[in-house]
Amino acid sequence: MATLEKIRSKAGLLVAVVGLALFAFIIGDFLRSGSTFFHQRQEIVLNIDGKTVSVQDFQTKIAEMEEVYKMQTGNSSVPEEVQSQIRESVFESMVKEILMQEESSKVGFTVSKSELSDLIMGNNISPMIQQMPMFRNPQTGAFDKNALIQFLQTIESDDTQNQSPQMYQEIQRYKTFWSFFEKTIKQQKLEEKFSNIISKSIVANSLDAKAAFEDNKVSVDLDYVMQAYNTIPDDQVTVSEDEIAKLYNKRKALYKQSEAMMIDYIAVDITPSQDDFNKVLENMNKLKPELESSTPVSDVVNDNSDIPYSDVFVSANNLSAENKQFIETATIGNTQGPFLVNNTYHLIKLVDKTTAPDSVKVYQMTLPQLGDNELKNLTDSLINEINKGKTFSDVVKEATDGKSTGEMGWMTEATLLKSSDEKFKNEVFNAPVNKVFIAKSTYGTHLVQVTEKTAPVAKYKIADISVEVTASSETNKKLFNDLTQYVAKNKNLETFKSAAKDAGYVCYTDITIGKNDQTVGSVRNVRPLIRWAYDQKKGAISDIFDCQDKFVVVAVEGLIKEGYRSLASVSEPLKREIMNEKKGEKIIAGLKSKNFSTLEEYASFMASSVQSVKFVNFATNRISGIGNEPKITAEAPLAEVGKISAPISGNNGVFIVKVIDKKANENEFDLAAQKQMLNMNNSYRFMYQSMQILRDKSKIEDNRIRFY
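## Comments concerning the nonpolar core
Considering soluble globular proteins, one finds that nonpolar side chains tend to be buried as a cluster.
Now for step 1: Counting 47 residues, the largest nonpolar core has Leu46, Phe58, Ile86, Ile129 and Trp178 as the members making the most contacts within it.
Now for step 2: Sorting the residues of this core by element identifies strand E1 (44–48), helix H3 (55–73), helix H4 (80–107), helix H5 (113–121), helix H6 (127–130), helix H7 (145–155), helix H8 (165–201) and helix H24 (671–697) as the ones contributing at least two each.
Now for step 3: Excluding anything up to four places from it in sequence, Trp178 contacts Ile120, Ile129, Phe135, Leu148, Phe151, Leu152 and Ile155.
Now for step 4: Tyr265, Trp532, Ala533 and Ala540 belong to the second-largest nonpolar core, a separate cluster that totals 21 residues.

## A word on empty space enclosed by the protein
Rolled over the atoms, a probe as big as a water molecule pinpoints where empty space is left.
Now for step 1: Counting across every chain of the model gives 1 cavity of 30 Å³ or more.
Now for step 2: A volume near 60 Å³ is recorded for the largest cavity.
Now for step 3: Arg87, Glu88, Asn516, Gln518, Arg527, Arg704 and Tyr708 together form the lining of the largest cavity.
Now for step 4: For the lining of the largest cavity, the residue count by class is 1 nonpolar, 2 polar and 4 charged.

## Considering the pairing of strand E13 (residues 456–468)
Now for step 1: Taken together, the 2 bridges between strand E6 (residues 314–315) and E13 define a ladder with antiparallel strand orientation. Looking across to E13, one finds that Ser315 is bridged to Lys459.
Now for step 2: In the sheet, strand E8 (residues 344–357) pairs with E13 via 13 bridges, with the strands oriented antiparallel. What sits directly across from Thr355, in E13, is Ala458.

## Considering unusual backbone geometry
Now for step 1: Here the residue pair Thr295 and Pro296 is connected by a cis peptide bond, since its omega of 0° sits within 30 degrees of zero.
Now for step 2: The omega torsion of the bond from Gly337 to Pro338 falls at 5°, within 30 degrees of zero and hence cis.
Now for step 3: Here Pro338 lies in strand E7 (residues 335–341).

## A few points about helix H21 (residues 567–592)
Now for step 1: With 26 residues, H21 should reach 38 Å at 1.5 Å per residue; the first-to-last C-alpha distance of 36 Å fits that figure.
Now for step 2: Maximum bend of H21: about 30°, positioned at Pro573.
Now for step 3: Those residues of H21 not exposed but buried are Val570, Ser571, Leu574, Ile578, Met579, Asn580, Lys583, Gly584, Ile587, Ile588 and Leu591.
Now for step 4: Those residues of H21 hidden inside the fold are in contact with strand E3 (218–228), helix H10 (241–251), helix H22 (599–605), strand E19 (648–649) and strand E20 (653–664).

## Let's talk about the packing of H3 against H4
Now for step 1: As a packed pair, H3 and H4 sit with axes 9 Å apart at the nearest point and diverge in direction by 125°. In terms of axis orientation, H3 runs oblique to H4. Two packed elements cross with a definite hand, and for H3 against H4 that hand is right-handed. Residues Phe58, Lys61, Ile62, Met65, Glu66 and Tyr69 of H3 pack against Val82, Gln83, Ile86, Arg87, Ser89, Val90, Phe91, Met94 and Glu97 of H4.
Now for step 2: By residue class, the composition of the contact of H3 with H4 is 9 nonpolar, 2 polar and 4 charged.

## Overview of the environment of Asn617
Now for step 1: Positionally, Asn617 belongs in the loop between strand E18 (611–616) and helix H23 (630–635).
Now for step 2: Placed 18 residues apart in sequence, Asn617 and Glu635 show a C-alpha to C-alpha distance of 9.3 Å.
Now for step 3: Leaving out residues up to four positions away in the same chain, Asn617 has contacts with Asp215, Asn216, Val218, Ser219, Thr633 and Pro637.
Now for step 4: Of the polar contacts made by the side chain of Asn617, one reaches the backbone nitrogen of Ala619; its length is 2.8 Å.

## Topic: the pattern of salt bridges
Now for step 1: As enumerated under the stated definition, the model contains 30 salt bridges in all.
Now for step 2: With a closest N to O distance of 3.0 Å, Asp234 and Arg576 form a salt bridge. Here Arg576 lies in helix H21 and Asp234 lies in the loop between E3 and H10, a separation of 342 residues in the sequence.
Now for step 3: Ionic pairing is found between Glu243 and Lys582, a salt bridge with its closest N-O pair at 3.0 Å.

## A closer look at the sheet that holds E8
Now for step 1: Ordered in space as E6-E13-E8-E7, the 4 strands form an open sheet in which the pairing is antiparallel. Two strands close off the open sheet at either side, each with one partner strand: E6 and E7.
Now for step 2: Sheet topology places E7 next to E8; 5 bridges connect them, and they run antiparallel. Within E8, the residue paired with Leu340 across the bridge is Tyr345.

## Notes on the confidence of the model for the protein chain
Now for step 1: Counting all residues, the mean pLDDT for the protein chain is 85, and 92% of those residues have values of 70 or more.
Now for step 2: Across the protein chain, the secondary-structure element scoring lowest on mean pLDDT is helix H1 (residues 2–9), at 43, and the one scoring highest is helix H18 (residues 473–489), at 96.
Now for step 3: Every residue in residues 13–38 scores below 50 in pLDDT, and together they form 1 contact with partners more than four places removed in sequence or on other chains.

What counts, and at which threshold
- Residues numbered from 1 in each chain as written.
- Predicted model: local features only at pLDDT ≥ 70, side-chain atom pairs only at ≥ 80, totals over all residues.
- Heavy atoms only, no water.
- Core = buried A, V, L, I, M, F, W, Y, C linked by side-chain atoms within 4.5 Å.
- Buried < 20%, exposed > 50% of the residue type's maximum accessible area, 1.4 Å probe, protein only.
- Helix = DSSP H or I, 4+ residues; strand = E, 2+ residues; numbered from the N terminus.
- Contact = heavy atoms within 4.5 Å.
- 1 Å grid on protein atoms, 1.4 Å probe; cavity = no way out; pocket = protein on both sides within 12 Å on 5 of 7 lines; lining within 4 Å.
- Points joined across faces, edges and corners; volume = space filled by probe spheres on them.
- Nonpolar A, V, L, I, M, F, W, Y, C, P; charged D, E, K, R; others polar.
- Pairing = 2+ DSSP bridges.
- Expected span 1.5 Å × (residues − 1).
- Bend = angle between axes of the 7 residues up to and from the residue.
- Axes fitted to C-alpha atoms, helices over the stretch in contact; angles between N-to-C directions.
- Parallel < 35°, antiparallel > 145°, perpendicular 65-115°, else oblique.
- Left-handed = near helix turned anticlockwise from the far one by under 90°.
- Polar contact = N/O pair within 3.5 Å; in protein donor to acceptor, adjacent residues only side chain to side chain.
- Salt bridge = Lys/Arg side-chain N within 4 Å of Asp/Glu carboxyl O.
- pLDDT = per-residue confidence, 0-100.

Following this line, the structure appears as structure tokens:
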């Protein structure tokens, strides 16, 4: 009982303790779930009106496109600048895909399985597939549907037991490659349907067609004189703050801006020092005796040069200026150098010279892979046809169903070596004209005929050890340390900017950057720099960023919020426009009082000269030598020939114009053709505008800066 009484007396405290424990349990669970929710929010790279794309899905798309790039180029890696382009392309395609899916679903647009099948292997195969080199006939360059079908059968085969691990892995790569193109083709078809319905809902009428024809019907040649606005001193006109504000309010819609960051930065080029040049020169001088004595020269060149040895004869016309000068006096075995061209040292040797044709015209057909007997029978048959009187081209046409003529065209030794190998190059250049022969290369067996050779000329074989001078680690270290010391001495925003000139640096100030920019001025590889800037407040100064070929340090001026640019930020160009308008009024008033009758008189008074321009009509956007002057393009075609115009206040100055000649287009007005042309032009514009409207209507949250 005593125990119960004790419990009753502490009941309030017990309830509080239990309540607190329950609250801790509930809030703990909430915080854990909230943490998960927050983490999920952090993983979103794109959000369009609530439709999200995770960074994992985004990265998967990027990986797909990178794989496509590797397979199309044959490269095993993706350069940084290409990676940036791929990320941008993937982002834009995903934005477009989400927007298109939303709008297409409203009107019932889809791409059916049968449509997709027709685009992939039916009667209307997508141009994207037809342009792939892997589906083109190597002889003719034409699309080969059989190659496509064979490819699809290979990647869709379930026979994995007979596949080696390497083959299985390769097939998986091709499946990824093909999946990417299937999705892209489907998306393109959907966009095509969307574009068609938009472009066909707004069509050019007869009045549009007639107006467009008339705009281009009459063109004029004219003479003019101009007095530029800058000939009037600025202090002769006054512009009030109210006038600037009035023009700003009139133009405000033009000053809409996205969020941006304003920065200052110093960029130091990572360039070689004089010591770096001296060291390369010293090494080149040590190589000179070895090059002089080496026979053959290929090993010493390939072991030391940035560019491998090319064992070809080259005519003087195809040599560099330095090599041309060298061969004028050199004999075989002579060397020259080292000498510097731009940032590269060259050490050259005349290996050999000859007199021979510079180019040969070549026809060839790559033969199928057959057994020795089958191949001999085929080649004998083809050569026999040519010996009976058929041309090489005719034989190739028959063998390829008209898809190829076998013509390679005119080839020098250098160009032929690039497309084959040394053995094939030598056989072709040594072959008699019109003889048909068999030659082998790393690409297979070929039937070849040389039909023409240029006249023999002097040709030279030159060994060139070329070494570019680059910044050494010592140079890099000094540049880095010097910039580090500058930052340490100038830790606030004002001295960071003001002290740069005396320290030998250039500080670029008030530079606006977007959060997805790939470059800042001439600086590349700036993603770490931009991510840092967007995470800082005004006055922050960065550590040094290594941006490929520059060391860069950044100071933050502040964030520019999304919205409209301030009046202060655009007041200068607005003030200049108003000043020019007032200067124009002063110039025109002065000209009218003179009442001149010739352009020469106006030119003398304006301290100018008479200029001429041709082919100006209503549709002219920019006049040669003048620029964008819409008042002239509007008035000149209507002016009377030989009559001097009144002064025209343009964008760049005041003009006096005289039409010298007027020409009318003699083409008859074709209503149908004109409408077709307008509709075609409009379809591209409307598609772009419609996508822009969809973007403007949507709330797009772009979080790429968190990850890239």
